[in-house]
Protein chains: 2
Amino acid sequence: MTSQRRAAASPTISDVARVAGVSKATVSHAYSGKRTISTATKERVFAAARDLHWVPSSSARALATHRANAVGIVLARQPEILASDTFFPAFIAGVESVLAEQEIALVLQVVANRTAEERAYRAMEHGRADGVIVLDLHRDDWRVELLTTLRLPAVLLGAYPHRTRFSCVRTDDASPVLELIAHLRRQGHRRIAHVAGPLDYVHSRARAQAYLAGSGTPELLREGDFSAGSGRRATAELLALPKRPTAILYANDTMAIAGYSYARAQGLAIPDDLAVAGFDDDHLSEHLSPALTSVATAPRRRGEVAARRLLADIAGEEPRSITVDCNQLVLRESTDAPARTTV
Amino acid sequence: MTSQRRAAASPTISDVARVAGVSKATVSHAYSGKRTISTATKERVFAAARDLHWVPSSSARALATHRANAVGIVLARQPEILASDTFFPAFIAGVESVLAEQEIALVLQVVANRTAEERAYRAMEHGRADGVIVLDLHRDDWRVELLTTLRLPAVLLGAYPHRTRFSCVRTDDASPVLELIAHLRRQGHRRIAHVAGPLDYVHSRARAQAYLAGSGTPELLREGDFSAGSGRRATAELLALPKRPTAILYANDTMAIAGYSYARAQGLAIPDDLAVAGFDDDHLSEHLSPALTSVATAPRRRGEVAARRLLADIAGEEPRSITVDCNQLVLRESTDAPARTTV
């Protein structure tokens, strides 16, 4: 009786082997799939494990090593971003493709406010996850400070502008903007506007700074928030100027598509009256008529790189920064006409 | 020394209150946000909590109640589905919108094979999640059997055809198919084909059965796998028949768009030579030319309903089935022409 009760409270692989009438190695192989075990034997092992409430493999390892076998992402955005954003779902797909190989789960937590966000990171540290990936990086990001006080590996997505002990996954956001401006200047554009994302985001600021360096028209910079509404409002403002721009670069495709629609409703032809370009290369963009010039940002690849880096950090490697060469300008019809000089 | 050591090992809200020099209620309010606390006081509370490694609120509740404060979804699909599928990301967004209110995390695990899938469910039961949502429901689903042996609440997405103790979130997949067939018959179509999803999926079968009931042309039923490639192959087969169909209904938009492109490449005009309709209403579908008729399936709302139902089950309510009235036929140009009688 005593041994049965002990087994029920905290079963071991030996208990499972005994009940199933096989060796411990066979129990292990039945779960790992590393050796071929007959279906009948497997069934016996699984039934014994079930009866004894024994948990094999990754969960057992988790208990032994105090690992969660999970990686966390905390999102302080509207849940809609998971459905409508171009970048985010593809990034998650890249992360999952790496985690699936090692049977690691992704803990995704959407939070409504900063208090909830801080609690979420603390819960991750307290056993929910072995490390986190930090998205939507700000220039002075309180989360980086918080994480510094927690015992939790983290990978920052973006080029954090201050010293940090965390790994960063950086991208070159400036080059495609400069390349696009050079293309527009060759077509005779001199009044080139930019509708930026929120300028306290690291990547929005990098795009805006490249714009300022390349265009020479700081009075045509507007700050949006990546939403269609903000793209439309900024476009209305720019087109109402006494000397309106002949080209507008938007920091994402959602704002670009909204701006593009607004300009057409005002009677402007694209690209003849107004050249338009976006960022992120939404899968809709190539199907518009005219098709939208954009910058492909390889979110899936970035997700893979960030996940691999985080797993390396969790395994005890020294954190380090990686630059992913992934942004690529895709020129399409929406920027394909010489500028009209009559504006 | 003893009390300090005890505090370090297992700190309580009293320890935090003492170190911060405030009442326990103030510590609680600093985290809950239910009362206004000065920033300076909050900082003191947070610093004390940090020093003592005390975890507030949902995590503390989790420790007290042995709740994970997480809900799980195990996906035995390619990770790409997170980026490219119409249904899945919107469904997740709906789930997260409910979980965010209560600061509950979503544990998303993509698995490569059945052994990993079973392990993932067992890990959920052993503390990773308080319940799971089961997607891609099959007619005889081994996961339902497995879950019956685990102590883990579950919500099944779809009308499971056997007795089960789990809550189901059902939808009416038959009505929009019957409605669409009636529309096509009014336009003179008599040879209406259907490219189904895998027929062991509950929802694919429901659509195919409605098709058989409505069309009277069982010889024009083909089974695809929801991929563009399978849509194209089935379309090629159907168009090569001596008496080809004049209309094709596809079980999702991905197959429909692939079939539509194939038919046009063969010189057929849509809808004049061939009427085409999909399912799921991909956000690309209304932007195609001609725009694609489809069935909007409200994945976000289904995610919300499934999450609320699961939280109710976890809270101890009696499991039950809910039918979400969410499928809606959206007629567009791709089915908007009288059938040609010369086929």
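Sequence order as written defines residue numbering, which begins from 1 separately in each chain. Throughout, the order in which chains and ligands are written sets their labels, letters from A for the former and numbers from 1 for the latter. pLDDT decides what is reported in this predicted model: residues at 70 or higher carry local features, side-chain atom pairs at 80 or more are listed and counted, and totals for whole chains, interfaces and linings draw on all residues regardless. The side-chain numbers reported here are obtained from all heavy atoms of the structure, hydrogens and water having been left aside.

- Chain A goes by LacI family transcriptional regulator in an unreviewed UniProt entry, where it is assigned to Salana multivorans.

Looking at the overall build of chain A
- We count a stretch as a helix when DSSP gives it H or I for four or more residues in a row; a strand needs E for two or more, and each element gets its number in order from the N terminus. A tally of regular secondary structure across chain A gives 14 helices and twelve strands.
- Whereas a compact globule of 343 residues would reach a radius of gyration of roughly 20 Å, chain A reaches 26 Å, over 25% beyond that.
- Burial analysis of chain A (343 residues in total) assigns 57% to the buried set.
- Here, residues are in contact when the closest pair of their heavy atoms is within 4.5 Å. Partitioning the contacts of chain A with sequence separation of at least 6, the portion at a separation of at least 24 is 67%.
- On chain A, roughly 14,900 Å² of surface is accessible, and the fraction owed to carbon and sulfur atoms is 48%. For this measure, only C-alpha atoms enter the radius of gyration; the expected value for a globule follows 2.2 Å times N^0.38, where N is the number of residues. Here's how the labels work: a residue is buried when its accessible area is under 20% of the maximum for its type, exposed when over 50%, partly exposed in between, all with a 1.4 Å probe on protein chains only. Methods summary: accessible areas were calculated by the Shrake-Rupley approach with a probe of 1.4 Å, and residue burial reflects only the protein chains presented.

Side note on the nonpolar core
- Formed by 76 residues in total, the largest nonpolar core has its most connected members in Leu-249 and Val-276 of chain A together with Leu-249 and Val-276 of chain B.
- The residues touching Val-276 of chain B, leaving out its near neighbours within four places in the chain, are Ile-248, Tyr-250, Ala-256, Tyr-260, Ile-270, Leu-292, Thr-293, Ser-334 and Thr-335 of chain B.
- Side-chain atoms within 4.5 Å are what join buried Ala, Val, Leu, Ile, Met, Phe, Trp, Tyr and Cys residues into a set we call a nonpolar core. Among the nonpolar cores identified, the runner-up in size contains 63 residues, and Phe-87 of chain A together with Ala-93, Val-305 and Leu-310 of chain B belong to it.

What to know about the interface of chain A and chain B
- Listed per partner, the contact involves 47 residues of chain A and 48 residues of chain B.
- Two parts placed together each lose some accessible area under a 1.4 Å probe, and adding up what both lose gives the buried area. Across the interface of chain A and chain B, roughly 4,300 Å² is buried in total on both sides, 57% from carbon and sulfur atoms.
- Broken down residue by residue, the surface that chain A buries against chain B is led by Glu-103, Arg-119 and Arg-122 of chain A, which jointly contribute 15%.
- When a carboxyl oxygen of Asp or Glu is within 4 Å of a side-chain nitrogen of Lys or Arg, the pair counts as a salt bridge. Counting across the interface, chain A meets chain B through four salt bridges.
- Here Arg-119 of chain B ties to Glu-103 of chain A by a salt bridge, and the two come within 2.6 Å at their closest N and O atoms.
- For this analysis, a polar contact is any N or O atom pair within 3.5 Å, provided that within protein one partner can donate a hydrogen and the other can accept it, and provided that sequence-adjacent residues contribute only side-chain to side-chain pairs. Counting across the chain A and chain B interface gives twelve residue pairs in polar contact (both at pLDDT 80 or more).

Quick word on the packing of aromatic side chains
- Between rings of Phe, Tyr and Trp, where Trp is taken as its six-membered ring, a pair exists when centres lie within 6.5 Å; planes separated by under 30 degrees are stacked, by over 60 edge-to-face, and by other angles tilted. The full count for this structure, using the stated rule, is four aromatic pairs over all chains.
- Each ring, one from Phe-87 of chain A and one from Phe-91 of chain A, has its centre 5.6 Å from the other, and the planes form 20 degrees; the classification is stacked. Taken together, the residues Phe-87 of chain A and Phe-91 of chain A, both in helix α7 (residues 87–101) and four residues apart, mark about one turn of the helix. Take Phe-87 of chain A and Phe-91 of chain A: they sit in the same class, and that class is buried.
- The ring of Trp-142 of chain B is capped by Arg-114 of chain B, whose NZ or CZ atom sits 4.1 Å from the centre of that ring. Only lysine NZ and arginine CZ atoms are considered, and such an atom sits over a ring when it is within 6 Å of the ring centre and within 35 degrees of the ring normal.

What about the side chain of Glu-118 of chain B?
- Topologically, Glu-118 of chain B is positioned in helix α8 (residues 114–128).
- What makes Glu-118 of chain B buried here is its relative accessible area of 11%.

Description of the sheet that holds strand β7 (residues 221–223) of chain B
Residues and elements named next belong to chain B.
- An order of β7-β6-β8-β9 is seen for the four strands of this open sheet, with the pairing classed as parallel. Strands with a single pairing partner mark the edges of an open sheet, and in this sheet they are β7 and β9 (275–277). Each strand of the sheet is rotated relative to its neighbour by a mean of 15 degrees, with strand direction disregarded.
- Whether two strands pair comes down to DSSP finding at least two bridges between them. Alignment of strand β6 (residues 192–196) against strand β8 (residues 247–250), held across four bridges, turns out to be parallel. Residue Ala-193 lies in a different strand from β8, and its bridge partner there is Ile-248.
- Lines fitted to the C-alpha atoms define the axes, with helices restricted to the stretch that makes contact. Angles between their N-to-C directions range from 0 to 180 degrees. Along the sheet face, helix α11 (residues 202–215) touches β6, β7 and β8 and points at about 170 degrees away from the line of β6.
- Helix-sheet contacts for helix α13 (residues 253–265) involve β6, β8 and β9, and the interaxial angle to β8 is about 150 degrees.

Observations regarding the sheet that holds strand β9 (residues 275–277) of chain A
All names here are of chain A.
- As summarised here, the arrangement of the four strands in space is β7-β6-β8-β9, forming an open sheet in which the pairing is parallel. At either end of the open sheet lies a strand with only one pairing partner, and these are β7 (221–223) and β9. Here the average twist between neighbouring strands, direction ignored, is 15 degrees.
- Two strands pair when backbone bridges link them, and strand β8 (residues 247–250) and β9 are joined in this way by three bridges, in the parallel orientation. Along β9, the bridge assignment pairs Leu-249 with Ala-277.
- Seen against the sheet, helix α10 (residues 174–186) touches β6 (192–196), β8 and β9 and runs at an angle of roughly 170 degrees to β8.
- Here helix α11 (residues 202–215) sits on the sheet and contacts β6, β7 and β8; the angle it forms with β6, its principal contact strand, is near 170 degrees.

Looking at the relation of the copies chain A and chain B
- In this comparison the copies share one frame, found by least squares on the C-alpha atoms of residues holding pLDDT of at least 70 in both. Laying chain A over chain B is done by rotating through 180 degrees and shifting 0.1 Å along the axis; what remains is an RMSD of 0.1 Å. When the rotation and shift are considered jointly, the pair of chain copies conforms to a two-fold rotation axis. Distance from the rotation axis, computed per C-alpha, reaches its smallest value in chain A at Val-107 of chain A: 2.2 Å.
- Of the interface residues in chain A, 100% have counterparts in chain B that sit at the interface too, so the contact is made through matching surfaces.

Some thoughts on the confidence of the model for chain A
Residues and elements named next belong to chain A.
- The predictor attaches a confidence to each residue, called pLDDT, with possible values from 0 through 100. Residue-level pLDDT values for chain A average 88, and 91% of them are 70 or greater.
- Segment residues 1–8: pLDDT under 50, and three contacts once partners within four positions in sequence are set aside and those in other chains are kept.
- Scored below 50 in pLDDT, residues 59–64 makes six contacts in the model with residues more than four places away or belonging to other chains.

Observations concerning the pairing of strand β4 (residues 154–157) of chain B
All names here are of chain B.
- Burial along β4 is two-sided: the face carrying Ala-154 and Leu-156 and the face carrying Val-155 and Leu-157 are both buried.
- Where strand β3 (residues 132–134) and β4 come together, three bridges link them in parallel fashion. When the bridges of β4 are listed, Val-132 appears paired with Ala-154.
- Look down the strands so they point away from you; if going from the first strand over the helix to the second traces a clockwise path, that crossover is right-handed. On the question of chirality, the crossover connecting β3 to the parallel β4 by way of helix α9 (residues 142–149) is right-handed.
- Bridge count between β4 and strand β5 (residues 167–171): three bridges; the pairing is parallel. Across the sheet, the residue bridging to Leu-157 is Val-169, located in β5.

A look at unusual backbone geometry
- For the bond running from Ser-289 of chain A to Pro-290 of chain A, omega is -5 degrees, close enough to zero to count as cis.
- Tracing the backbone through its elements, the reader meets Pro-290 of chain A in the loop between β9 and β10 (294–296).
- In this model, Ile-270 of chain B is joined to Pro-271 of chain B through a cis peptide bond whose omega is 10 degrees.
- Topologically, Pro-271 of chain B is positioned in the loop between α13 and β9.
- The backbone of Ala-298 of chain A sits at a positive phi, close to 45 degrees, despite the residue not being glycine.
- As for its placement among the helices and strands, Ala-298 of chain A is situated in the loop between β10 and α14 (299–314).
- Positive phi values are uncommon outside glycine, yet Phe-226 of chain B reaches one of about 75 degrees.
- With respect to the secondary-structure elements, Phe-226 of chain B resides in the loop between β7 and α12 (228–239).

Quick notes on α9 of chain B
- Those residues of α9 of chain B that fall on the buried side of the exposure criterion are Trp-142, Arg-143, Val-144, Leu-146 and Leu-147 of chain B.
- Contacts from the buried residues of α9 of chain B go to α8, β3 and β4 of chain B.

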